[in-house]
Amino acid sequence: MSAAASPIPVPALDIRALVAGYEPDLPIVRGVDLTVPSGDFLVLLGPNGAGKSTLVKAIAGVVPIKSGTVHLRGQDITSVPSHRKIARGLAFVPQTENIFATLSIHENLQLAAAILPKAERAGLIDRLYRRFPDLARQPSRLAGALSGGQRQMLAVARALIVDPAVLILDEPSAGLSPKIVGEVFSMLREINGEGVTIVLVEQNVKAALSVSRRAVVLVEGRIAHEGQADGLFGDPLLARLYLGTSHSVEAAVP
Amino acid sequence: MNPQFLMDGLVAGAMIGLGAIGVTLTYSILRFANFGHGELLSWGAYLALAVSGALGLLSTSLTRPIGPFSFGWSLPLAAIVAVLLTGALALAVDAVLFGRLRARGSAVIILVMASFGASLALRSLLEFLFTSKPAYFTKALQIAMPLGAGLRATPDQLLSLAVALLAVLAVHLLMTRTDIGRAMRAVSENPALAGIAGVDVRRVIRVVWMLGAGLACLAGIMTGLLVQIRPYLGHDLLLPLFAAAILGGIGSVPGAMLAGLVVGLSEAAAVQIVGAEWRAAVSFIILVAVLLFRPRGLFGRSA
């Protein structure tokens, strides 16, 4: 922090006028401005097709950005290729296929550690094993043989290896039993407690709001609501946002 | 039947195996069947021929045969240069052709068709530069040594076998024990996730080309040494290469080598049992049988 005069801390993530989508002339994210302060736990909500996943994928560099900027801790990372973002401190856990099934648990972690100096790798992997004792039990086991919850643990462990400033997760609860969802979320709360800023995309609105600090609701590629997570679940506003634009009952708050 | 077919089959199979490793790596990591891979064998052989010829002009002592072998130091030296040049050729073709198609998000069939075109162009260029007349690394003749049990082999053949097995072992260790090998397997499974995990996918692709082309070059040199050098050298091995890559299981390095030996031995056995005119049919039969009955091959992962 060289700007000694500035009393405003640099946000962990600062997104300005972001337009992004798979096809150049069909933007799914249509102008998003979002500031995520350092240490925040933010959940992105919204009906199906609102652009939540596309937004986080664009930030991670997996979906092309058409216009707008993304700053990570004050640094412009808009055009940094996806494989260099992890070294900058931005870790992303995709929704599905977020581990290498044909590699062992240990190889999954070694692969992620490869961007670090050789001397530090073993120590950092050991630290992750202490944190996730389930993974340490059979490090040579193929990751493809793990249960859904263990896969999610491995995916998060992989993302944590470089001590990221921001951890983005795309629906980590998808396909997991409620008990395991609880475990995953309490793990995320713990990680957030250590100072890692977390951005979470979730369909599981109730569980997500109970764990996060702030909530952003996306509708049709734009931010429709931004505020405290606390109390939003019972708020009729949320139901209106989910139902207001798409008139199907299935799209209502799960 | 003459047991000598075992030795002939092993030697031919080792060359097929080396070539098939490149096919299997391109197929699993770049995700297309590269029908131009055979041309890398031919180019490798001709590049080595050109370099070793040039070295021979510089110093005739380099052409004096080493020990029991038919060639002088000019050939192993030229092989090192040719491996690098063949790798550079593969990178150049990727830069002007495949890389552009990938960047455009072209369908797999477009890449496959492009590889047919590249194959034709590269082969014609070889015929233009070196004519289609067969060429040889050396004029020295070799007498096959008896190895016992009715088997005979020339020192060149035994050396080629040894080099092929060492090369496979080295590639296998690279794939299983090193950062770049792990990254290659990761890209083979899921390129997007590999990128997210910090793997530079473009670098991995360059390594795949260098590795596949380098092994193709070695296979081409050995085939040229043991038989003769022709512009169609690699093209004629294309079907055996694909049969071995698919029998071995796409993505498996030891599988490709083992399957190469199986294909080589089957071809040699077919020559003995049903006649030389059926040799070419063997790869085809193996290819079809594997695709019908065990599409993932010997060591491949299920799709």
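From a predicted model like this one, the values you see are computed outputs, not experimental measurements.

Is there a simple way to explain the overall build of chain B in this structure?
Helices and strands together make up the secondary structure of chain B, namely 11 helices and 2 strands. Starting at the N terminus and walking to the C terminus, you meet the elements of chain B as α-α-α-α-β-β-α-α-α-α-α-α-α. Taking 303 residues into account, the globule formula puts the C-alpha radius of gyration at 19 Å, and chain B, at 19 Å, falls close to it. Principal-axis analysis of the C-alpha atoms places the extent of chain B at approximately 55 × 45 × 35 Å. Counting over 303 residues, chain B shows a buried share of 52%. The contacts in chain B between residues at least 6 apart in sequence include a share of 76% that link residues at least 24 apart. Of the accessible surface of chain B, which amounts to about 13500 Å², a share of 70% is contributed by carbon and sulfur atoms. With 20 positive and 11 negative side-chain charges, chain B shows a spacing of 6 Å between the two charge centroids.

For this particular structure, what's the right way to read the pattern of salt bridges?
Pairing is possible between side chains that carry opposite charge, provided their charged atoms lie close to one another. In total, this model carries 16 salt bridges over all chains according to the counting rule given. Where Arg214 of chain A meets Asp40 of chain A, a salt bridge forms, and the shortest distance between an N and an O atom there is 2.8 Å. Here Arg214 of chain A is found in strand β9 (residues 214-219), whereas its partner Asp40 of chain A is found in the loop between β2 (29-36) and β3 (41-45), with 174 residues between them in sequence. Each member of the pair, Arg214 of chain A as well as Asp40 of chain A, carries the same accessibility label: buried. Here Asp179 of chain B ties to Arg121 of chain A by a salt bridge, and the two come within 2.7 Å at their closest N and O atoms. Highlighted residues: Asp179 of chain B in helix α6 (residues 179-189) and Arg121 of chain A in helix α4 (residues 118-131), drawn from two different chains. Note on Asp179 of chain B: relative accessible area 27%, which makes it partly exposed. Ionic contacts of the salt-bridge type, sharing partners, join the residues Asp14, Arg16 and Asp33 of chain A into one network.

Explain α4 of chain A to me, please; I cannot follow it from the model alone.
Every α-helix winds through 3.6 residues per turn, so residues three or four apart in the chain are directed the same way. Turning to α4 of chain A, its buried residues number three or more, namely Arg121, Leu124, Ile125, Leu128 and Tyr129 of chain A. One side of α4 of chain A carries all its buried residues, which in axial view fall inside an arc of 145 degrees. Residues Ala119, Ala122 and Arg130 of chain A are exposed on α4 of chain A and point more than 90 degrees away from its buried face. Of the surrounding elements, those touching the buried residues of α4 of chain A are α3 (105-113), α5 (133-137) and α6 (148-160) of chain A together with α6 of chain B.

Which parts of the structure should I look at to understand the confidence of the model for chain A?
Low-pLDDT portions of the prediction should not be read for the details of their coordinates. The pLDDT averaged across chain A works out to 88; a share of 93% of its residues lies at or above 70. Predicted confidence for residues 245-251 of chain A stays below pLDDT 50, and this span has 6 contacts to residues more than four positions away or in other chains.

Before we go on, may I ask you to explain the packing of α3 of chain A against α6 of chain A in this structure?
The relative placement of two packed helices is expressed as an angle between their axes plus a distance between the axes. All names here are of chain A. Where α3 contacts α6, the two axes come as close as 8 Å, and the packing angle between them is 25 degrees. The pairing of α3 with α6 is recorded here as roughly parallel in orientation. Here α3 runs over α6; the crossing is right-handed. Contacts between α3 and α6 involve Ile105, Asn108, Leu109 and Ala112 from the first element and Leu154, Ala157 and Arg158 from the second.

Can you walk me through the sheet that holds strand β1 (residues 13-20) of chain A in this structure?
The pairing of strands in a sheet happens through backbone hydrogen bonds and is either parallel or antiparallel. Residues and elements named next belong to chain A. Strands sit in the order β2-β1-β4-β5 across an open sheet of 4 strands; the sheet is antiparallel. For this open sheet the edge positions go to β2 and β5 (75-76), each flanked by a neighbour on one side alone. As paired strands, β1 and β2 are joined by 6 bridges and run antiparallel to one another. Across the sheet, residue Asp14 finds its bridge partner in β2, namely Thr35. On the sheet, helix α1 (residues 52-60) packs against β1, β2 and β4 (65-72) and is oriented at approximately 110 degrees with respect to β1.

In this structure, what is going on with the pairing of strand β6 (residues 90-93) of chain A? I would like to understand it.
Side chains on a regular strand alternate between the two faces of the sheet. Residue and element names in this part refer to chain A. In β6, alternate side chains face the same way, and those of Leu90 and Phe92 on one face and Ala91 and Val93 on the other are all buried. Of the strand pairs in this sheet, β6 and strand β7 (residues 166-170) are connected by 4 bridges, and their pairing is parallel. Note on β7: the bridge partner recorded for Ala91 is Leu167.

Explain the packing of aromatic side chains to me, please; I cannot follow it from the model alone.
For any pair of aromatic rings, the description rests on two quantities: the centre-to-centre distance and the angle between the ring planes. All names here are of chain B. For the structure shown, the criterion picks out 6 aromatic pairs over all chains. Judged by centre distance (5.7 Å) and plane angle (10 degrees), the ring pair of Phe98 and Trp209 falls under stacked. Separated by 111 residues along the polypeptide, Phe98 in helix α3 (residues 74-103) and Trp209 in helix α8 (residues 201-226) bring together distant segments of the chain. The same class applies to Phe98 as to Trp209, namely buried. Ring pairing ties together the aromatic residues Phe32, Phe98 and Trp209, which thus form one cluster.

How should the side chain of Ser74 of chain B be read in this particular structure?
Along the chain, Ser74 of chain B falls in helix α3. Classification of Ser74 of chain B as buried rests on a relative accessible area of 6%.

Is there a simple way to explain the interface of chain A and chain B in this structure?
One frequent convention defines the size of an interface as the accessible area lost when the parts assemble. Taken together, the contact between chain A and chain B spans 23 residues of the former and 17 residues of the latter. Interface area, chain A with chain B, both sides summed: about 1700 Å², of which 59% is carbon and sulfur. On the chain A side of the interface with chain B, the three residues burying the most area are His83, Phe100 and Leu111 of chain A, jointly 33% of the side's total. Here chain A and chain B share 2 salt bridges between them. Notably, a salt bridge pairs Arg185 of chain B with Glu107 of chain A, separated by 2.7 Å at the nearest N-O pair. Elements with a contribution of two residues or more to the side of chain A that touches chain B: α2 (82-88), α3 and α4 of chain A. For the side of chain A that touches chain B, the class distribution of residues is 12 nonpolar, 5 polar and 6 charged.

Thresholds applied
- Residues numbered from 1 in each chain as written.
- Chains lettered and ligands numbered in written order.
- Predicted model: local features only at pLDDT ≥ 70, side-chain atom pairs only at ≥ 80, totals over all residues.
- Heavy atoms only, no water.
- Helix = DSSP H or I, 4+ residues; strand = E, 2+ residues; numbered from the N terminus.
- Rg over C-alpha atoms; globule rule 2.2 N^0.38 Å.
- Buried < 20%, exposed > 50% of the residue type's maximum accessible area, 1.4 Å probe, protein only.
- Contact = heavy atoms within 4.5 Å.
- Areas by Shrake-Rupley, 256 points an atom, 1.4 Å probe, with all protein chains shown as cover.
- Lys, Arg positive; Asp, Glu negative; His and termini not counted.
- Charge placed at Lys NZ, Arg CZ, Asp CG, Glu CD.
- Salt bridge = Lys/Arg side-chain N within 4 Å of Asp/Glu carboxyl O.
- Arc of directions from axis to C-beta.
- pLDDT = per-residue confidence, 0-100.
- Axes fitted to C-alpha atoms, helices over the stretch in contact; angles between N-to-C directions.
- Parallel < 35°, antiparallel > 145°, perpendicular 65-115°, else oblique.
- Left-handed = near helix turned anticlockwise from the far one by under 90°.
- Pairing = 2+ DSSP bridges.
- Phe/Tyr/Trp six-rings, centres within 6.5 Å; stacked < 30°, edge-to-face > 60°.
- Buried area = accessible area lost by both parts, 1.4 Å probe.
- Nonpolar A, V, L, I, M, F, W, Y, C, P; charged D, E, K, R; others polar.

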